[in-house]
Structure formats: structure tokens, C-alpha cells
Amino acid sequence: MSRKVISYGVLSDYEQDADGHTFFGAGNTADGWTTTQDYSDPNPLTNFLRALFRLPLEERELTHSVGLKVLYRTGEDVEPTVGQKYHVDGGYQQDGVHGASGTSMNRASWNVDFSLFDEDGDFEGATIKVDINPTARKDFLVFHYDEDTEMFVAKDRNGDLRVLETGNGNGAEKGDVLQDSINLMFFADLIDNDGNARNGFQEWDMEHGQFDIEVSQIVKGFGGSIFGAHPIHSSVTVNVGDMLIPDMA
């Protein structure tokens, strides 16, 4: 087993179509992703025997992948400022700003896209964590993959169910792919503007905050057993606007 970590690069071949686009949306590119990929390595003895008899060698095969991408909604990709940290302008999506097409006052200007690949197609233990605390502290809304509906489902602090859909279409040559986008305005009613609720709930203004997004799934052990099973994980931190620390006055 080997692992490849991409800090800002291209999705695996299985997670994109022949034109270099993802399987969801309209023309979303496979570039600019932060991903972690696990591969199964060929058996050295098998390849020794194959080489001995001049047979084609086995190559390593992708088994799992998890990735995230930060971009302006319908617009430009966002490059990390350092590591897996990103900075975006706040506010709502505005036509022509950062390449956005159309204005949407009920959507934050930026998205986080997600992509998961699983050669078995069961996405065991797959989760997406969305931080709804605009301060440096983390308060995750945890979405678990539901195989029946093929969506990620979470229960919020009010006991209500929240869902993240996965895009239609899967052109992977093997396995299965889950992809779609996350916009923080999906959960605006859960985000307190100052992160403390000292004076009651103060609705998020879209203009500032620090939010963490994490995606993971379980890689099975040898022969599909629980022995040697381990998680594969990718995360990004998005700093919104200039006010990264809430006004404590």
C-alpha cells in the first residue's frame, strides 16, 4: 500500500471525464484539488516472475481517494495561501466578480467541492465535516454517507436532518465516485456571526470567518478485512474576508 498527497493539483483519472472535468456541475475542472490517494502496490514476487517470463508487469492501482477544492461559485479557482489554507473574499455571489456567472444573493461567493473515489463502491466510513463556527474554534456538522440515498446526511443541533447531495453521473472506469459542492449558505441558520451567541443568535453575515472542511473514508485492510484498516483524510481551512478574529467588544 502506498499513499500520494497532492496539496494543489489534479484529481485522479477515475475522478474526471475525458475532457478533464468532474462528473458533477457544468465544466468544473479537475485542477486545483487538495487530495489524498491510496494505491495497492504490485507483489514484488509476482512481478519478478512476470519479468522472468517476459510478461507485462503489474502496476500499482488506485483504491481510494478523497479531495477538496476551494473556488468562487461558478467562477475562479482559489489557490492556497500556505499549505491547505485558503483566503477568499466575503459576501454573496456577484456576476462578473472573480469570474462568477450570475448573481445569487442567497449563496456565499465561494464553494468547497468534494470528491471521493472507492474501488469497491461502498464508501465505508465516508464522512464530510463542515465547520459552522466562524472563529478559530471548530464546531463540526458531521455528514455520514448513506448508501441507500447516495447522499451525505447529518443531524444538526436542533435534531433536524441536513443533506449534501452527490452529483449525477459516474464515468469512472472502475469503482465509484461521489462528487458535489458545499456552500456555507446551506447552513447559514446554524452559523452564529460571532461564534459565541453571547447575546443570542446573530446570523452569519457572509463577510468574515474561519471555516474548516474535512473529508475522509475508511480503507479496508488485507483481503477486505478490518485488520489493518485505516482512514484516508483530506482537509482545507478557508479564511473569509479580513476579519478573522471576531469583535469581542
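Note that the coordinates shown come from a computational prediction; the quantities given were computed from them, not determined experimentally.

Caption draft 1: Seen up close, the overall build of the protein chain. In terms of regular secondary structure, the protein chain is built from one helix and 14 strands. A total of 249 residues make up the protein chain; the buried ones form 45% of that total. Accessible area of the protein chain: about 12600 Å², with a carbon and sulfur share of 49%.

Caption draft 2: Quick peek at unusual backbone geometry. Positive phi outside glycine occurs at His98, with the angle close to 55°. With respect to the secondary-structure elements, His98 resides in the loop between strand 5 (92-93) and strand 6 (104-108). Not every positive phi belongs to a glycine, and Glu150 is a case in point at roughly 60°. One can find Glu150 in the loop between strand 9 (140-146) and strand 10 (151-155).

Caption draft 3: Broad picture of the nonpolar core. Judged by nonpolar contacts, the single largest core of 41 residues is most densely connected at Trp110, Leu116, Ile128, Phe143, Phe152, Phe187 and Trp204. With near-sequence residues (within four places) excluded, Leu116 lies in contact with Glu15, Ser65, Val66, Phe123, Ala126, Phe152, Asp176, Val177, Leu178, Val215, Ser216 and Gln217. One finds Tyr14, Tyr39, Leu62 and Phe117 within the second-largest nonpolar core, a separate group that totals six residues.

Caption draft 4: Region of the structure containing the confidence of the model for the protein chain. When the pLDDT values of the protein chain are averaged, the result is 85; 82% of them are 70 or greater. Confidence, expressed as mean pLDDT per element, reaches its minimum in the protein chain at helix 1 (residues 44-52) with 58 and its maximum at strand 8 (residues 127-131) with 97. When the criterion is pLDDT under 50, residues 244-249 qualifies, and its contacts beyond four places in sequence or with other chains add up to eight contacts.

Caption draft 5: The sheet that holds strand 1 (residues 2-9), seen in detail. The strand order across the open sheet built from five strands is 1-2-3-7-12, with neighbouring strands paired in antiparallel fashion. Looking at the sheet topology across the chains shown, the edges are occupied by strand 1 and strand 12 (176-182). Direction aside, the axes of adjacent strands within the sheet are offset by 10° on average.

Caption draft 6: How the structure looks around the pattern of salt bridges. Counted according to the given criterion, the structure contains four salt bridges. Here Asp77 and Lys69 are joined by a salt bridge, their closest N and O atoms 3.1 Å apart. On the basis of relative accessible area, Asp77 is assigned to the partly exposed category, the value being 32%. Judged by its relative accessible area of 2%, Lys69 falls in the buried class. The residue Arg162 makes a salt bridge to Asp189 at a minimum N-O spacing of 2.7 Å. Taken together, the residues Arg162 in strand 11 (residues 161-164) and Asp189 in the loop between strand 12 and strand 13 (209-219) connect sequence positions 27 residues apart. Given a relative accessible area of 43%, Asp189 falls into the partly exposed group.

About the cut-offs
- Residues numbered from 1 in each chain as written.
- Predicted model: local features only at pLDDT ≥ 70, side-chain atom pairs only at ≥ 80, totals over all residues.
- Heavy atoms only, no water.
- Helix = DSSP H or I, 4+ residues; strand = E, 2+ residues; numbered from the N terminus.
- Buried < 20%, exposed > 50% of the residue type's maximum accessible area, 1.4 Å probe, protein only.
- Areas by Shrake-Rupley, 256 points an atom, 1.4 Å probe, with all protein chains shown as cover.
- Core = buried A, V, L, I, M, F, W, Y, C linked by side-chain atoms within 4.5 Å.
- Contact = heavy atoms within 4.5 Å.
- pLDDT = per-residue confidence, 0-100.
- Pairing = 2+ DSSP bridges.
- Axes fitted to C-alpha atoms, helices over the stretch in contact; angles between N-to-C directions.
- Salt bridge = Lys/Arg side-chain N within 4 Å of Asp/Glu carboxyl O.

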